[in-house]
Amino acid sequence: MILLVDDTPENLISLKNVLEKHGFEVDTANSGEEALKKVLKNSYVLIILDVQMPEMDGFEVAEVISGYSKAKETAIIFLSAANTEFRFIAKGYSSGGLDYITKPVDINILLLKIKTFYRIYEQNRKLSEIQTALLAEIEFRKEAEQKKDEFISIASHELKTPLTSVKGYIQLLERGLKKGDIDLVKSHLSKAQIQLEKLNGLIADLLDISKIESGKLKFNKQYFDFDHLLDGIIEVIHQSNPDFKIVKNGRVNAKIFGDEMRIEQVVVNFLTNAIKYSPGTGEALMNVSLKNNELYLGVKDYGIGMQPDQIKRVFEKFYRVEETSHRFQGLGIGLYISSEIIKRHGGHINVQSVYGEGSEFYFTIPVEQLSAEV
Ligand code: ADP
């Protein structure tokens with residue numbers, strides 16, 4: 001839009017009519033003060049400013065406008081009947097004007113100039129859009145790079161811990177063997193085995209992440225007995241956490257179509273997190289149901305819980321709650337992988353959590369009518 005500023009109403013009307021006839025949107029102001037108010041409220045591509053006006057002259061108006069950040073892209077053309085001396089023209093440019101036209105105005109020349117300013121304005125707008133997008137991209141990449149570096153350092157540490165333990169147990173095993181103490185050997189072997197399982201799990205998660213990135217996470221979907229799967233998982237988790245009780249509520253009584261191993265991975269992730277992030281408590285609930293053709297599986301704990309802003313980010317790749325990340329080991333990828341698995345089953349994953357009281361991580365999966373009775 002163009003703003004015409006002139007204290008003579010006839011000038012305003014005639015120029016406005018000509019410009020509107022040529023398809024420009026035009027606004028008018030009949031004093032410097034009114035022009036300043038309008039510039040603060042609206043955005044203009046171009047301001048055509050009469051120089052001789054009572055109270056505030058065109059140069060003063062231009063000087064004030066050029067200080068407004070809102071109008072930094074706006075071009076100003078001065079129109080002047082008198083003051084054609086070089087010093088006035090120079091003043092026009094130095095107070096923020098881009099052109100200085102003397103009256104009587106050659107309307108064709110003015111139109112050409114206006115079109116050129118519009119073109120420049122449009123180019124500048126596009127350039128600044130590109131610049132903003134580029135700056136955002138640079139910022140995004142910097143952050144991603146930093147996250148990656150942090151991840152590599154956490155991952156190396158996480159991998160090194162079980163590896164160091166295995167090395168230690170093997171040394172102890174050697175000593176046990178030399179002594180011929182079979183019970184000691186068995187105990188060290190099973191401890192080494194647990195650490196190896198941990199290492200295996202970490203490497204499997206890392207491989208899953210790269211498969212997700214490259215779109216190569218494959219699913220092998222078949223009908224399977226969901227209740228049977230859950231009972232098996234609870235038993236295995238109980239073996240490695242004998243002091244922690246998992247209470248299962250509900251049954252599905254149906255075969256579910258999905259990738260059993262991948263669904264198991266999600267449930268195990270929920271349960272191991274429920275145990276890990278609930279120190280000092282001894283119980284978690286597993287809620288399961290099949291209602292309106294929707295499978296629900298939730299794991300509720302009475303642990304540390306999360307703040308609302310943490311809840312929002314918990315399924316992001318590499319996200320770990322900062323304030324507790326030193327207290328609990330982890331890579332911040334388990335829930336990201338879980339959400340990918342559930343999404344690929346057409347379901348939803350989410351969490352309800354109260355800081356300091358506990359969380360219920362859950363997923364739902366739509367179950368086709370076909371899910372057979374067990
Ligand atoms: P990891 O546990 O290896 O860090 P996850 O992706 O499984 O990775 O979890 C991401 C983050 O979500 C955890 O670091 C933790 O801050 C938070 N979190 C997950 N489960 C729970 C839970 N049951 N209670 C509280 N916070 C949790």
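Residues numbered from 1 in each chain as written. Predicted model: local features only at pLDDT ≥ 70, side-chain atom pairs only at ≥ 80, totals over all residues. Heavy atoms only, no water.

1. Notes on the overall build of the protein chain
Argument step 1. Looking only at helices and strands, the protein chain has 10 helices and 12 strands in total.
Argument step 2. In terms of overall dimensions, the protein chain is more spread out than a globule: its C-alpha atoms have a radius of gyration of 36 Å, far above the 21 Å expected for 374 residues.
Argument step 3. For the protein chain, the proportion of its 374 residues judged to be buried stands at 39%.
Argument step 4. Put simply, 69% of the contacts in the protein chain that link residues at least 6 apart link residues at least 24 apart.
Argument step 5. Computed over 46 positive and 53 negative side-chain charges, the inter-centroid distance for the protein chain is 5 Å. (Helix = DSSP H or I, 4+ residues; strand = E, 2+ residues; numbered from the N terminus. Rg over C-alpha atoms; globule rule 2.2 N^0.38 Å. Buried < 20%, exposed > 50% of the residue type's maximum accessible area, 1.4 Å probe, protein only. Contact = heavy atoms within 4.5 Å. Lys, Arg positive; Asp, Glu negative; His and termini not counted. Charge placed at Lys NZ, Arg CZ, Asp CG, Glu CD.)

2. Let's talk about the site of the ligand
Argument step 1. Neighbouring the ligand are 20 residues; N273, Y277, D301, R320 and L335 lie closest to it.
Argument step 2. Here K276 contributes a side-chain N or O atom positioned 3.0 Å from an oxygen atom of the ligand.
Argument step 3. Between the ligand and G334, the relevant distance is 3.1 Å, taken from an oxygen atom to a main-chain nitrogen or oxygen of the residue.
Argument step 4. When the ligand sits alone it has 530 Å² of accessible area, and the protein chains cover 97% of it.
Argument step 5. A total of 3 residues in the shell around the ligand trace back to one element, the largest contributor, which is helix α8 (residues 260-276).
Argument step 6. Here the shell around the ligand is built from residues that sort into 10 nonpolar, 7 polar and 3 charged. (Near = heavy atom within 4 Å. Polar contact = N/O pair within 3.5 Å; in protein donor to acceptor, adjacent residues only side chain to side chain. Areas by Shrake-Rupley, 256 points an atom, 1.4 Å probe, with all protein chains shown as cover. Nonpolar A, V, L, I, M, F, W, Y, C, P; charged D, E, K, R; others polar.)

3. Topic: helix α10 (residues 334-343)
Argument step 1. Most of α10 is tucked away: 9 of the 10 residues are buried.
Argument step 2. Within α10, burial applies to G334, L335, Y336, I337, S338, S339, E340, I341 and I342.
Argument step 3. Looking at the packing, one finds that the buried side of α10 touches α6 (182-213), α8, β11 (348-354) and β12 (358-366).

4. Re the sheet that holds strand β4 (residues 75-80)
Argument step 1. With respect to topology, 5 strands assemble into an open sheet ordered β2-β1-β3-β4-β5, the strand pairing being parallel. The sheet terminates laterally at β2 (26-29) and β5 (99-102), the two strands that pair on one side only. The sheet shows a mean angle of 20° between the axes of neighbouring strands, direction not considered.
Argument step 2. With 4 bridges joining them, strand β1 (residues 2-5) and strand β3 (residues 46-50) adopt parallel strand pairing. Pairing of L3 across the sheet is with I47, part of β3.
Argument step 3. Across the sheet, helix α2 (residues 32-41) is in contact with β1, β2 and β3; its angle to β2 comes to roughly 140°.
Argument step 4. Helix α4 (residues 86-94) contacts β4 and β5 of the sheet and is inclined by roughly 140° relative to β5. (Pairing = 2+ DSSP bridges. Axes fitted to C-alpha atoms, helices over the stretch in contact; angles between N-to-C directions.)

5. Details of the packing of α8 against α10
Geometrically, a packed helix pair is captured by the angle between its two axes and the distance between the axes.
Argument step 1. Where α8 meets α10, the closest approach of the two axes is 9 Å, and the angle between their N-to-C directions is 145°. The handedness of the crossing between α8 and α10 is left-handed. On α10, the residues that touch R262, I263, Q265, V266, N269, F270 and N273 of α8 are G334, L335, I337, S338, I341 and I342.
Argument step 2. Its residues assigned to classes, the contact of α8 with α10 comprises 7 nonpolar, 5 polar and 1 charged. (Left-handed = near helix turned anticlockwise from the far one by under 90°.)

6. Regarding the environment of T161
Argument step 1. Residue position: T161 is located in helix α5 (residues 107-179).
Argument step 2. Note on T161: relative accessible area 29%, which makes it partly exposed.
Argument step 3. Separated by 14 residues in the primary sequence, T161 and K147 have C-alpha atoms spaced 21 Å apart.

7. Concerning the nonpolar core
Argument step 1. By size, the foremost hydrophobic cluster in this structure holds 50 residues, and its most contacted members are F226, I263, V267, F270, L297 and F363.
Argument step 2. When residues of this core are assigned to their parent elements, the largest contribution, 7 residues, is made by α8.
Argument step 3. Not counting chain neighbours up to four residues away, the residues in contact with F363 comprise F226, I263, V266, V267, F270, L295, Y296, L297, I342, H348 and I349.
Argument step 4. In terms of nonpolar packing, the next biggest core, distinct from the first, is built from 22 residues, V39, I47, M56 and Y68 among them. (Core = buried A, V, L, I, M, F, W, Y, C linked by side-chain atoms within 4.5 Å.)

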